[in-house]
Protein chains: 2
Amino acid sequence: MIAVDWGTSSARAYRLTPDGRLLERREGAGGILRVPEGGFPAALTAMVGDWLADGESRVLLSGMVGSRQGWQEAPYLACPAGLADLAGAVVPVPFEGATVRLVPGLSAEDAGGVPEVMRGEEVQVFGAIGLGAIGFGALAPGEADGLLCLPGSHAKWVRVEGGRITGFSTHMTGEAFAALKDHTILGRMMTGTAEPGPAFEAGVARSGEAGGLLHHLFGTRALGLFGRLAPEDSASYLSGLLIGHEVAAAMARPALVRLVGSGPLMALYGRAISLKGGEAVAGDSDAAARGLALIGETTLWA
Amino acid sequence: MIAVDWGTSSARAYRLTPDGRLLERREGAGGILRVPEGGFPAALTAMVGDWLADGESRVLLSGMVGSRQGWQEAPYLACPAGLADLAGAVVPVPFEGATVRLVPGLSAEDAGGVPEVMRGEEVQVFGAIGLGAIGFGALAPGEADGLLCLPGSHAKWVRVEGGRITGFSTHMTGEAFAALKDHTILGRMMTGTAEPGPAFEAGVARSGEAGGLLHHLFGTRALGLFGRLAPEDSASYLSGLLIGHEVAAAMARPALVRLVGSGPLMALYGRAISLKGGEAVAGDSDAAARGLALIGETTLWA
């Protein structure tokens, strides 16, 4: 089977054995924003045409490719939802030469009745808990409980109970960081990128003080004006502030959190969770492949 | 006397009688960012040269004109500070044909030891409390107590005790709003501007719920995706979220708050303060002129 995690700004394709082992992995040409109108069949062929020619006949897609801006819109499935629910709700996509299915995203409502949505992260969550995660209630996907965090532009915190996703919340932390760094006065005094270290930790500590995030943001500038925050440390401090506020809001009490994803955000989130009294366990960067494999096993392909 | 409130993006000049009454008011050519290196004497002459030719000989400046990027840097005065402290710390500025003085800004530290700064708002505060503010402890500036809010890109909340500014906090609410509206996915679904009304009030109400600001921001998008927030209401909702978070953090318990400033933000802040259980009293848009007049009376000009 071929699995593709196709998001807004990137695409990752995986070739899998019938029992879900990873044969080959590749970065695709780019996210859905780079695909022209009507260009998805050609983009898929460009990405995995050689695997299809070599005999693969099933393709399972997840992510923003199933949004209104993607190949075809797959309606959100409401939480709580498990692996079998997702497999039962895949949407067929017309394509010459292979059977293509799209995994729907999930929707939920938070305590205030405000809607929540995700596309792609649900597959990563099932891949991560299916991996036999340390500290989760059980190894079998149908029995796992836990709290997972998927860092990113729109970071997701996902609650899993009895192997089903029962709720989740999105935090616009990454996108807010970029907007504040590139389009406010804060960025004028910044050089370099966010790194785990003392400045990041100072930002996380500050997030626990009174005054609120909008006040803490100004402190980034004031500390710089008084020479108490160096330009090369400012991005790390700002990142610590934002991620600290996110973790404090999302991790109601110190908990074991499974991080899912890859890249430099993983270390930052791990450090912030730990400073807030929780425990972070490292994630699997191929959780999407594993999740799509598990869903693919249950999907009725005919 | 001539008083000039000269900020980053605007300048306002006032001609005052010896007893502090306002004779004439005008908007200047622009803020300090529009003045070229070494161009401040010429910019002042362009703004008020006719008043000087007509016999005025004293000019008192406040605001970012006293910053490193301004005409001349005036060191911050530390809080607590009263009107007489500011008058005693004015900085002489060389200028042909008039005696020019610069009012310094104020600095403070919040409970977490993080520095705070302002330039110009301190003058507006003394102007506002000198006006005989309803609800403040007394009419005389030397006796006033109270909490004031100056909305803006960097909104200030100022605590006055016994006629002195004892502390203040800055919230980057206005600049964060602009960055989020213009440079994140939230702005893609927005038309129009922030207005007081049901959408703004819904944003303020949302700010009181669990989940934190970074989570609430994403809700703006999710509500839009589900058709529960119209594009023309989104800016008002986002504004309500941000101002609501600011007011909740800055007004520790319901209080009487004197708003100082002018423009559409005044109505938004007034509504948010009221929804959070406080009481807002309307401000004076010429508080800077009044404050500079009061400082000018006490200043040693010779």
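Residues numbered from 1 in each chain as written. Chains lettered and ligands numbered in written order. Predicted model: local features only at pLDDT ≥ 70, side-chain atom pairs only at ≥ 80, totals over all residues. Heavy atoms only, no water.

> Whenever I open this one, the nonpolar core confuses me. Can you help?
Generally speaking, nonpolar side chains in soluble globular proteins are found buried as a group. Core analysis: the largest hydrophobic core is formed by 78 residues, its most contacted members being Trp-157 and Leu-217 of chain A together with Trp-157 and Leu-217 of chain B. Not counting residues up to four positions away in its chain, the partners in contact with Leu-217 of chain A are Leu-180, Leu-186, Leu-238, Leu-241 and Leu-242 of chain A together with Met-172 of chain B. (Core = buried A, V, L, I, M, F, W, Y, C linked by side-chain atoms within 4.5 Å. Buried < 20%, exposed > 50% of the residue type's maximum accessible area, 1.4 Å probe, protein only. Contact = heavy atoms within 4.5 Å.)

> In this structure, what is going on with unusual backbone geometry? I would like to understand it.
One can expect most non-glycine residues to show negative phi and most peptide bonds to be in trans. Backbone torsion omega between Cys-79 of chain A and Pro-80 of chain A reads -5 degrees, so that peptide bond is classified as cis. Tracing the sequence through the fold places Pro-80 of chain A in the loop between strand E5 (77–78) and strand E6 (81–82). (Helix = DSSP H or I, 4+ residues; strand = E, 2+ residues; numbered from the N terminus.)

> I keep staring at the sheet that holds strand E3 (residues 22–27) of chain B and nothing clicks. Help me out?
Residue and element names in this part refer to chain B. Ordered in space as E3-E2-E1-E4-E8-E7, the six strands form an open sheet in which the pairing is mixed. The outermost strands of the open sheet, each flanked by one partner alone, are E3 and strand E7 (91–93). On average, each strand axis in the sheet is inclined to that of its neighbour by 25 degrees, with strand direction left out of account. As paired elements, strand E4 (residues 58–62) and strand E8 (residues 99–102) share four bridges and run parallel to each other. Of the residues in E8, the one forming a bridge with Leu-60 is Arg-101. In the packing of helix H1 (residues 40–53) onto the sheet, the strands contacted are strand E1 (2–6), strand E2 (11–16), E3, E4 and E8, and the crossing angle to E1 comes to about 140 degrees. Against the sheet, helix H9 (residues 287–298) makes contact with E1, E2, E3 and E4, and its axis sits at roughly 125 degrees relative to E4, the strand it touches most. (Pairing = 2+ DSSP bridges. Axes fitted to C-alpha atoms, helices over the stretch in contact; angles between N-to-C directions.)

> Would you mind going over the relation of the copies chain B and chain A with me for this structure?
Both copies of the chain are related through a single rotation about an axis accompanied by a shift along the same axis. The transformation that overlays chain B on chain A combines an axial shift of 0.0 Å with a rotation of 180 degrees, and the residual RMSD is 0.1 Å. The superposition of one copy onto the other is thereby described by a two-fold rotation axis. For chain B, the residue whose C-alpha comes nearest the rotation axis is Ala-179 of chain B, separated from it by 2.9 Å. Of all interface residues in chain B, 100% are interface residues in chain A too; the two copies therefore contact each other through one and the same surface. (Least-squares fit on C-alpha atoms with pLDDT ≥ 70 in both.)

> Looking at this structure, how should I read the sheet that holds strand E4 (residues 58–62) of chain A?
The strands making up a sheet associate through backbone hydrogen bonding, with each pair oriented either parallel or antiparallel. Residue and element names in this part refer to chain A. Strand order in this open sheet of six strands is E3-E2-E1-E4-E8-E7, and the pairing throughout is mixed. Of all the strands in the sheet, the pair left with one neighbour each is strand E3 (22–27) and strand E7 (91–93). On average, each strand axis in the sheet is inclined to that of its neighbour by 25 degrees, with strand direction left out of account. The strands touched by helix H1 (residues 40–53) within the sheet are strand E1 (2–6), strand E2 (11–16), E3, E4 and strand E8 (99–102), with E1 carrying the most contacts at an inclination of about 140 degrees.

> What's the story with the pattern of salt bridges in this structure? I'm lost.
Side-chain pairs of opposite charge can arise whenever the charged atoms involved come near each other. All names here are of chain A. Considering all chains together, one arrives at 26 salt bridges over all chains under this definition. We note a salt bridge from Arg-26 to Asp-50, for which the minimum N-O separation is 2.9 Å. Here Arg-26 is found in strand E3, whereas its partner Asp-50 is found in helix H1, with 24 residues between them in sequence. (Salt bridge = Lys/Arg side-chain N within 4 Å of Asp/Glu carboxyl O.)

> What's the story with the interface of chain B and chain A in this structure? I'm lost.
Buried accessible area, meaning the area lost when the parts come together, often serves as the stated size of an interface. Listed by partner, the interface residues are 45 residues for chain B and 45 residues for chain A. Carbon and sulfur atoms supply 70% of the area buried between chain B and chain A, which totals about 3700 Å² over both sides. Among the residues of chain B in contact with chain A, Met-172, Leu-214 and Phe-218 of chain B are the three that bury the most area, contributing 20% of the side total. Of the charged contacts, one joins Arg-228 of chain B and Glu-109 of chain A as a salt bridge, the two residues approaching to 3.6 Å between their closest N and O atoms. In this assembly, chain B and chain A are joined by 15 residue pairs in polar contact (both at pLDDT 80 or more). Only strand E9 (106–109), strand E10 (115–118), strand E13 (164–171), helix H4 (173–183), helix H6 (213–225) and helix H7 (231–250) of chain B provide two or more residues apiece to the side of chain B that touches chain A. Per-element accounting of the side of chain B that touches chain A gives the leading share, nine residues, to H6 of chain B. (Buried area = accessible area lost by both parts, 1.4 Å probe. Polar contact = N/O pair within 3.5 Å; in protein donor to acceptor, adjacent residues only side chain to side chain.)

> Sorry, what's going on with the packing of aromatic side chains here?
The relative placement of two aromatic rings is captured by the distance of their centres and the angle of their planes. All chains considered together, the criterion is met by 10 aromatic pairs over all chains. A centroid spacing of 6.0 Å and a plane angle of 20 degrees characterise the contact between Phe-226 of chain A and Tyr-76 of chain B, whose relative ring orientation is stacked. Taken together, the residues span two chains, with Phe-226 of chain A in the loop between helix H6 (213–225) and helix H7 (231–250) and Tyr-76 of chain B in the loop between E4 and strand E5 (77–78). For Phe-226 of chain A, a relative accessible area of 37% corresponds to the partly exposed category. Taking 5.4 Å as the distance between ring centres and 65 degrees as the angle between the ring planes, the aromatic pair formed by Trp-6 of chain B and Phe-40 of chain B counts as edge-to-face. Within this pair, whereas Trp-6 of chain B is found in strand E1, its partner Phe-40 of chain B is found in helix H1, the two being separated by 34 residues in sequence. Phe-40 of chain B matches Trp-6 of chain B in its accessibility class, with the two residues each being buried. Over the ring of Tyr-76 of chain B we find Arg-119 of chain B, and its NZ or CZ is 4.2 Å from the ring centre. (Phe/Tyr/Trp six-rings, centres within 6.5 Å; stacked < 30°, edge-to-face > 60°. Lys NZ or Arg CZ within 6 Å of the ring centre and 35° of its normal.)

> When you look at the domain arrangement of chain A in this model, what are you seeing that I'm missing?
All names here are of chain A. Here the domain parsing of chain A yields domain 1 (2–171 + 284–298) and domain 2 (173–281). Summarising the inter-unit geometry, the C-alpha centres of domain 1 and domain 2 are found 29 Å apart. At the interface, 21 residues of domain 1 touch 20 residues of domain 2. At the boundary of domain 1 with domain 2, total buried surface from both sides reaches about 1700 Å², with 63% on carbon and sulfur atoms. There are zero salt bridges connecting domain 1 and domain 2. One can count eight residue pairs in polar contact (both at pLDDT 80 or more) joining domain 1 with domain 2. For the side of domain 1 that touches domain 2, the secondary structure elements donating two or more residues are helix H3 (121–130), strand E11 (146–150) and strand E12 (155–161). In terms of residue class, the side of domain 1 that touches domain 2 is made up of 12 nonpolar, seven polar and two charged. (Domains from an automatic or database assignment. Nonpolar A, V, L, I, M, F, W, Y, C, P; charged D, E, K, R; others polar.)

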